[in-house]
Amino acid sequence: MTKIIKYVIADILRNRMVLVYTLFLLASSFTVFSLEDNSSKGLLSLLNIILIVVPLVSLIFSTIYVYNSAEFVELLVSQPLKRKSIWLSLFSGLAASLSIAFLIGAGIPLLIYQANMIGFTMIMVGIMLSIIFVSIALLATVNTRDKAKGIGVAVMLWLYFSLLFDGFVLFLLFQFADYPLEKPMIAVSALNPIDLSRILILLQLDVSAMMGYTGAVFKDFFGTSTGLIFSVTILFLWIALPVWFSTRQFNTKDL
Amino acid sequence: MIIATNISKQFGKLKALDHVSTTCSKGECIALIGPNGSGKTTFIKSILGMVVPDSGTIEFKGKNIRNQWQYRDEIGYMPQIGRYPDNMTIGQVLDMMTDIRNKKTALDDDLIQAFSLHNLLDKRMRTLSGGTRQKISAALAFLFDPAVLILDEPTAGLDPVSSELLKEKIIAEKEKGKLVLITSHVLSELDDLVTRIIYMQDGKLLFQKSIEDLKQDTGENKLSKAIAWVMTNE
């Protein structure tokens, strides 16, 4: 399996996209930090960039990569290799290269300007998000044969997680404004890894005070070690479940 | 060596394979023939585990191949359209396959030599012509000296010289007692190769006969004429 991961990573590196992505992250992180005199303001701006760009790039790049390497996968499947290890190698290769790109692109500036708990959480969350969206991309591609359709599904998924979900939550909050929804909101936030990451980081910053009563409930829950363990577990589930489902489907897929 | 029992496969409404059963043993050279879309490639892909049949079993050396992968170590497969990662060079693809197969015994690089592929090792796959890709597919299928060779349209796109080289190699391997499965539309070139014919149409196996029987039954000496006779008389 390590052999295949090696070839997948070598193949991804030969593709310039990941390099461009790293440079983009580097450029935007340094710009954001040098524009603001207060580095925690910079951190907030960077948070927004990360929460939008990292899922988008991970999702779209992985989807396109999986479709483009259909030949490679076909070649490997006719060889004495387990299908499971082919698929997991594809996942590991993508996850590793996108995480490393994030680590270099956003991790280095963060360590230079914010070498504290917040910066560290942000790096962890960025890496988790990269891997989560690789995993979701694999699930989307294994289900759709057509490349255009598959990329469409990936874009829709990104829209859902970045925009639609928040709209849906706001709608719920307004409709049921008469009820105490603060605690159920914790459960709802587990349904979207981007929201969960945002909460995790915002709670480390002082701005959580601006989130009102919900913010206080969140702080009460996510601020504790139980809350932290809960959210990290949920993030891991967001990685593991799509990978598990897609591996199962890939095992019986016709190539 | 390979026993297929009642395999069926459906793609949407299309019945790609309809209760196909056959037995292939060592030393045979079997030609799978039939019109386009008759299920030949699907049958081959089922043997390789690339397509999972809806029903029926395939045994390789007495073991059901379902969810197995080790058995593919003994198969050399040449796909109809050889598709390789665009960014890799020929040398890298050959190295990668050698690395994956991890064969301890000596490699059979006859075809690499015969096709002079060693002069092209630095070329990227995306720059190659269809014929050169086909040569690489052929070289890879024979490289690891497998006991079973599965060749899907091996000579399509090859120039006459290379096609002749490949044919000689196939005959040489058959003489060594290997099982060779070929699909082809060019019947004339199968004449001096095959020992048995499997004729498929609309996913069904219409008939299978050894070449002697076929020639005797039809009274024709050429394979193409014999098949034409069968088509008009059955």
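Note that this is a predicted model, so its numbers are computed, not measured.

1. Considerations on the overall build of chain A
The number of helices and strands found in chain A is eleven helices and zero strands. Along chain A, from the amino end to the carboxyl end, the secondary structure elements read α-α-α-α-α-α-α-α-α-α-α. On C-alpha atoms alone, chain A measures out to a radius of gyration of 19 Å, which is about the 18 Å that the 2.2 N^0.38 rule sets for 255 residues. For chain A, the spread of C-alpha atoms along the principal axes amounts to about 60 × 45 × 30 Å. Counting the 255 residues in chain A, one finds 40% classified as buried. Here the analysis covers contacts within chain A between residues at least 6 apart in sequence; of these, 78% occur between residues at least 24 apart.

2. Focus: the overall build of chain B
What chain B contains, in helices and strands, is seven helices and ten strands. Against the compact-globule benchmark of 17 Å for 234 residues, chain B has a radius of gyration of 18 Å, which places it among compact chains. Across its three principal axes, chain B shows a C-alpha extent of roughly 55 × 40 × 35 Å. Counting across all 234 residues of chain B, residues that qualify as buried make up 41%.

3. Focus: the interface of chain B and chain A
Quoted interface sizes are often the accessible area lost when the parts come together. At the junction of the two partners, chain B supplies 17 residues and chain A supplies 19 residues. A per-element tally of the side of chain B that touches chain A places helix H2 (residues 90–101) of chain B first, with four residues. Classifying every residue of the side of chain B that touches chain A gives ten nonpolar, two polar and five charged.

4. Digging into the nonpolar core
Formed by 133 residues in total, the largest nonpolar core has its most connected members in B:Ala139 and B:Ile150. When neighbours within four sequence positions are excluded, B:Ile150 is seen to be in contact with B:Ile44, B:Ile47, B:Leu48, B:Ile75, B:Tyr77 and B:Leu181.

5. Some details on the pairing of strand S9 (residues 196–201) of chain B
All names here are of chain B. Relative to S9, strand S3 (residues 29–33) is paired through four bridges, and the arrangement is parallel. Residue Leu32 lies in a different strand from S9, and its bridge partner there is Ile198. Connecting S9 to the antiparallel partner strand S10 (residues 204–210) that follows it, the hairpin turn spans two residues, and Asp202 within it adopts a positive phi of roughly 45°.

6. A few points about the packing of helix H3 (residues 39–68) of chain A against helix H9 (residues 193–202) of chain A
Residue and element names in this part refer to chain A. Packing of H3 against H9 brings their axes to within 11 Å, and their N-to-C directions diverge by 160°. In terms of orientation, H3 and H9 fall into the roughly antiparallel class. As H3 runs across H9, the sense of the crossing is right-handed. Contact residues: H3 offers Leu47, Leu51 and Pro55, while H9 offers Ile194, Ser197, Arg198 and Ile201. For the contact of H3 with H9, the class distribution of residues is five nonpolar, one polar and one charged.

7. With respect to the sheet that holds strand S2 (residues 14–24) of chain B
All names here are of chain B. With antiparallel pairing, the four strands of this open sheet are ordered in space as S2-S1-S4-S5. The open sheet has two free edges, formed respectively by S2 and strand S5 (63–64), since each of these has just one partner strand. The sheet contact formed by strand S4 (residues 55–60) and S5 spans two bridges and is antiparallel. Bridge pairing in S5 places Glu59 opposite Asn64.

8. Notes on helix H1 (residues 40–48) of chain B
Within an α-helix, residues lying three or four positions from one another point in the same direction, as the helix has 3.6 residues per turn. All names here are of chain B. In terms of burial, H1 is largely enclosed, as eight of its nine residues are buried. Listing the buried residues of H1 in full gives Lys40, Thr42, Phe43, Ile44, Lys45, Ser46, Ile47 and Leu48. Remark: Gly49 follows H1 within two positions and exhibits a positive phi of approximately 80°.

9. Section: the sheet that holds strand S7 (residues 148–152) of chain B
Residue and element names in this part refer to chain B. Ordered in space as S6-S7-S8-S3-S9-S10, the six strands form an open sheet in which the pairing is mixed. The open sheet has two free edges, formed respectively by strand S6 (75–78) and S10, since each of these has just one partner strand. Between one strand axis and the next, the sheet turns by 15° as a mean value, whatever way the strands run. As paired elements, S3 and strand S8 (residues 179–183) share four bridges and run parallel to each other. Residue Ala31 lies in a different strand from S8, and its bridge partner there is Ile182. Across the face of the sheet, helix H4 (residues 130–143) comes into contact with S6 and S7 while running at roughly 175° to S6.

10. Brief notes about the pairing of S6(B)
Residue and element names in this part refer to chain B. Burial along S6 is two-sided: Ile75 and Tyr77 and Gly76 and Met78, pointing in opposite directions, are all buried. Sheet analysis places S6 next to S7, joined by four bridges and oriented parallel. Bridge assignment links Ile75 to a residue of S7, and that residue is Val148.

Parameters and conventions
- Residues numbered from 1 in each chain as written.
- Chains lettered and ligands numbered in written order.
- Predicted model: local features only at pLDDT ≥ 70, side-chain atom pairs only at ≥ 80, totals over all residues.
- Helix = DSSP H or I, 4+ residues; strand = E, 2+ residues; numbered from the N terminus.
- Rg over C-alpha atoms; globule rule 2.2 N^0.38 Å.
- Buried ≥ 20, exposed ≤ 12 C-beta atoms within 10 Å, placed from the backbone.
- Contact = placed C-beta atoms within 7 Å.
- Nonpolar A, V, L, I, M, F, W, Y, C, P; charged D, E, K, R; others polar.
- Core = buried A, V, L, I, M, F, W, Y, C linked by C-beta atoms within 7 Å.
- Pairing = 2+ DSSP bridges.
- Axes fitted to C-alpha atoms, helices over the stretch in contact; angles between N-to-C directions.
- Parallel < 35°, antiparallel > 145°, perpendicular 65-115°, else oblique.
- Left-handed = near helix turned anticlockwise from the far one by under 90°.

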